[in-house]
Amino acid sequence: MPLASSHRPLVHPRANRETVLEGMHVAYLFQRVRRRSIGFVVGPDGLEVRAPKWVTIKEVELGLQERGEWVLRKWAEMQERQKNIRQIEWREGASLDYLGAPIHLHLSPENGRSELNDQRELLLALPHNAEPSQIRDAVQAWLMREAKVLFESRLNFYAPLMGVQWRRLSLSNAGSRWGSARVDGAIRLNWRLIHLKPDAIDYVVVHELAHLHEMNHSPAFWKVVASILPDHMARRKELQKENLANWA
Ligand SMILES: [Zn+2]
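About the thresholds
- Residues numbered from 1 in each chain as written.
- Predicted model: local features only at pLDDT ≥ 70, side-chain atom pairs only at ≥ 80, totals over all residues.
- Heavy atoms only, no water.
- Axes fitted to C-alpha atoms, helices over the stretch in contact; angles between N-to-C directions.
- Helix = DSSP H or I, 4+ residues; strand = E, 2+ residues; numbered from the N terminus.
- Parallel < 35°, antiparallel > 145°, perpendicular 65-115°, else oblique.
- Contact = heavy atoms within 4.5 Å.
- Nonpolar A, V, L, I, M, F, W, Y, C, P; charged D, E, K, R; others polar.
- Donors = N, O, S within 2.8 Å, 3.2 Å for Na, K, Ca; no water.
- Buried < 20%, exposed > 50% of the residue type's maximum accessible area, 1.4 Å probe, protein only.
- Pairing = 2+ DSSP bridges.
- Salt bridge = Lys/Arg side-chain N within 4 Å of Asp/Glu carboxyl O.

Novice: Mind laying out the packing of helix H4 (residues 198-210) against helix H6 (residues 232-241), listing which residues take part and the relevant values?
Specialist: At a minimum axis distance of 9 Å, the contact between H4 and H6 shows a crossing angle of 110°. Of the possible angle classes, the one that applies to H4 and H6 is roughly perpendicular. Along the contact surface, H4 presents Asp 199, Ala 200, Asp 202, Tyr 203 and Val 204, while H6 presents His 232, Arg 235, Arg 236 and Leu 239. Considering only residue class, the contact of H4 with H6 consists of four nonpolar, one polar and four charged.

Shown next, in the form of structure tokens:
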């Protein structure tokens, strides 16, 4: 896949070594660490390489050359994701997505508790001079409450259709992870899914419930998912465009 030239150069802010990968100049952070093999990570800052003391620089360089294409592809993907960053402003009138459409924040001291009205205004039970951190806490508390109620109802809707029983729902906020399931029926879902369209949320719910049949991503697992959501591939693609960690 040819790489768009609009991407930032792959130069780590703390780079201490340089190389050329697929004809592209790359400056990366190299660290000696106690580990068994060489580790290559492409993060928001760029390429980081960690190697045990006994691995020579020449071997590191060989490993890099072998992974040149992978490194550049990961970097291109990283840039794409960062384009989608949506930093929420914690102030009166600011907007954020709720179930895939914007809602607006409105400080409403007369309100006893936070609630969403028909105009898609989230009325926050806070004084007009509330600090951004108070606004953030109130909005997140409301989003998490909504998430819990919605996720439970979707789990209860799909579980009988799929012939499974879930036992406990907990909310997580783990970087890029949307959810997880345990053999004993415990489900974890990322509460930030509440920002996304119901279609995307349902996909994650069905995905995790399908794990109660199959604790893996085998063809049998995907068959269970497809039996409930025939369009699961499209939903998954949509979801991959989202970076939950960006909803800070
Ligand atoms: Zn899975």
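Novice: Any chance you could break down the coordination of the zinc ion for me, citing the residues and the numbers?
Specialist: Around the zinc ion, the donor atoms from the protein are His 207 (NE2), His 211 (NE2) and His 217 (NE2), and they sit 2.0 Å away. A residue is classified by how much of its surface remains accessible, and His 207, at 10% relative accessible area, is buried.

Novice: Please set out the sheet that holds strand E10 (residues 168-172) residue by residue, giving values where relevant.
Specialist: Here three strands make up an open sheet; going across it, the order is E10-E12-E11 and the pairing mixed. Two strands in the sheet have a free side with no partner beyond their single neighbour: E10 and strand E11 (179-181). When the angles between neighbouring strand axes are averaged without regard to direction, this sheet yields 15°. Here E10 runs beside strand E12 (residues 186-190); their pairing, made up of five bridges, is parallel.

Novice: Summarise the pattern of salt bridges; cite the residues concerned and give the values.
Specialist: A complete count under the given rule lists eight salt bridges for this structure. With its nearest N and O atoms 3.1 Å apart, the salt bridge here joins Glu 89 to Arg 91. Given the relative accessible area of 45%, Glu 89 is considered partly exposed. Given a relative accessible area of 40%, Arg 91 falls into the partly exposed group.

Any functional reading would require information that these geometric values do not contain.
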